[in-house]
Amino acid sequence: MSHLFTESRIDNLTLKNRFVRSATWENMATEDGHMTDKLYAIYEELALGEIGLIVTGYANIVEEEKPNAGMMGMYNDSFIPEYQKLTNLVHDNDSKIVMQLAYGGTKTTYNVGERVIFAPSDVPEIGTKTQGTAMTKSDIDYIVAAFAKATLRAKQSGFDGVEIHAAHTYLINQFLSPYYNRRDDEYGGSLENRMRFLLEIYRECRDLVGSEFPILVKLTATEFFEGGLTFEETRKVCKKLEEVA
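A brief structural summary. (Residues numbered from 1 in each chain as written. Predicted model: local features only at pLDDT ≥ 70, side-chain atom pairs only at ≥ 80, totals over all residues. Heavy atoms only, no water.)

**Some thoughts on the packing of aromatic side chains**
Given two aromatic rings, their pairing is described by the distance between the two centres and the angle made by the two planes.
Turning to step 1, where the next piece is worked out: On inspection of all chains with the given rule, the structure shows 10 aromatic pairs.
Turning to step 2, where the next piece is worked out: Taking 5.3 Å as the distance between ring centres and 80° as the angle between the ring planes, the aromatic pair formed by Tyr 179 and Phe 225 counts as edge-to-face. Of this pair, Tyr 179 sits in the loop between helix H4 (171–176) and helix H5 (191–194) while Phe 225 sits in the loop between strand E11 (215–219) and helix H7 (231–244), and the two are 46 residues apart along the sequence.
Turning to step 3, where the next piece is worked out: We classify Phe 225 as partly exposed; its relative accessible area is 29%.
Turning to step 4, where the next piece is worked out: Three or more aromatic residues link up through ring pairs in this structure, and these residues are Tyr 75, Phe 79, Tyr 83 and Phe 159.
Turning to step 5, where the next piece is worked out: The ring of Tyr 40 is capped by Lys 85, whose NZ or CZ atom sits 4.3 Å from the centre of that ring.
Turning to step 6, where the next piece is worked out: The ring of Tyr 179 is capped by Arg 182, whose NZ or CZ atom sits 5.0 Å from the centre of that ring. (Phe/Tyr/Trp six-rings, centres within 6.5 Å; stacked < 30°, edge-to-face > 60°. Helix = DSSP H or I, 4+ residues; strand = E, 2+ residues; numbered from the N terminus. Buried < 20%, exposed > 50% of the residue type's maximum accessible area, 1.4 Å probe, protein only. Lys NZ or Arg CZ within 6 Å of the ring centre and 35° of its normal.)

**As for the side chain of Arg 194**
Turning to step 1, where the next piece is worked out: Structurally, Arg 194 can be placed in helix H5.
Turning to step 2, where the next piece is worked out: By relative accessible area, which is 5% here, Arg 194 ends up buried.
Turning to step 3, where the next piece is worked out: Look past the residues within four positions of Arg 194 in its chain and what remains in contact with it is Phe 175, Leu 176, Ser 177, Pro 178, Asn 181, Tyr 187, Gly 188, Gly 189, Leu 229 and Glu 233. (Contact = heavy atoms within 4.5 Å.)

**Describing the environment of Asp 184**
Turning to step 1, where the next piece is worked out: Positionally, Asp 184 belongs in the loop between H4 and H5.
Turning to step 2, where the next piece is worked out: Note on Asp 184: relative accessible area 79%, which makes it exposed.
Turning to step 3, where the next piece is worked out: Put simply, Asp 184 and Met 195 are 11 residues apart on the chain and 14 Å apart in space, counted from C-alpha to C-alpha.

**Looking at the packing of helix H3 (residues 137–156) against helix H6 (residues 196–209)**
Turning to step 1, where the next piece is worked out: With their axes 8 Å apart at the nearest point, H3 and H6 run at an angle of 40° to one another. On the basis of the axis angle, H3 is oblique to H6. Crossing of H3 over H6 shows right-handed handedness. Residue-level inspection shows Ile 140, Ile 143, Val 144, Ala 145, Phe 147, Ala 148, Lys 149, Thr 151, Leu 152 and Lys 155 of H3 in contact with H6, the latter providing Phe 197, Glu 200, Ile 201, Glu 204, Cys 205, Leu 208 and Val 209.
Turning to step 2, where the next piece is worked out: Tallied by class, the residues present in the contact of H3 with H6 amount to 12 nonpolar, one polar and four charged. (Axes fitted to C-alpha atoms, helices over the stretch in contact; angles between N-to-C directions. Parallel < 35°, antiparallel > 145°, perpendicular 65-115°, else oblique. Left-handed = near helix turned anticlockwise from the far one by under 90°. Nonpolar A, V, L, I, M, F, W, Y, C, P; charged D, E, K, R; others polar.)

**Thoughts on the packing of H6 against H7**
Turning to step 1, where the next piece is worked out: Two elements in contact, H6 and H7, have axes separated by 11 Å at closest approach and are oriented at 25°. Put simply, H6 runs roughly parallel to H7. The chirality of how H6 crosses H7 is right-handed. Residues Leu 198, Leu 199, Tyr 202 and Arg 203 of H6 form the contact with H7, whose own contacting residues are Val 237, Lys 240, Leu 241 and Val 244.
Turning to step 2, where the next piece is worked out: Taken together, the residues of the contact of H6 with H7 sort by class into six nonpolar, no polar and two charged.

And the structure:
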């Protein structure tokens, strides 16, 4: 167990130990995603608790979409000053912090019917039954750019990296999944095509923040149902991400 307390690295990011707080939706942000005293207190407590790396709850990348109420936002520059306060607070207690960025899509029951919800194809999410709108190429470009701009804001806010949420039937995961992705264009069909959306997001993020800023990707290993994403396919996605990183 002693190795858990030893220094570790994620690429060029040095962590004081091997303890990671994974992303958790706290439901404590304001309605438009801004920080509150309760949120600051939670992250200060985590940093004081000697966590090597803190991953925030997910933050929405476009103002008009979020999978849950009370989640953090990163869809415009107004968030930067308050996140600078957050990252300074964590760094002052010798921890590192990464912001998780997400587009929820049909894995939501929040304000359904009141907003456009993007999806790779017209296939409702199995659990929520929420129906999405199949994305055009223009829609895809819009979300790719939104992830990249949010990543740049995270860097400007002092975060030590970002984590792209590509799991749990959120939008990127649905593009990877043969069950949810029934497209017949360059974003559907083969695994190479299905991972194109994720790779475009990664590359555009990387172009904006440079080669030294850590970009993590959260993936679903397997969807555990017939016709869904398999573990073997996820291994290939991981290898491809390693190749382009």
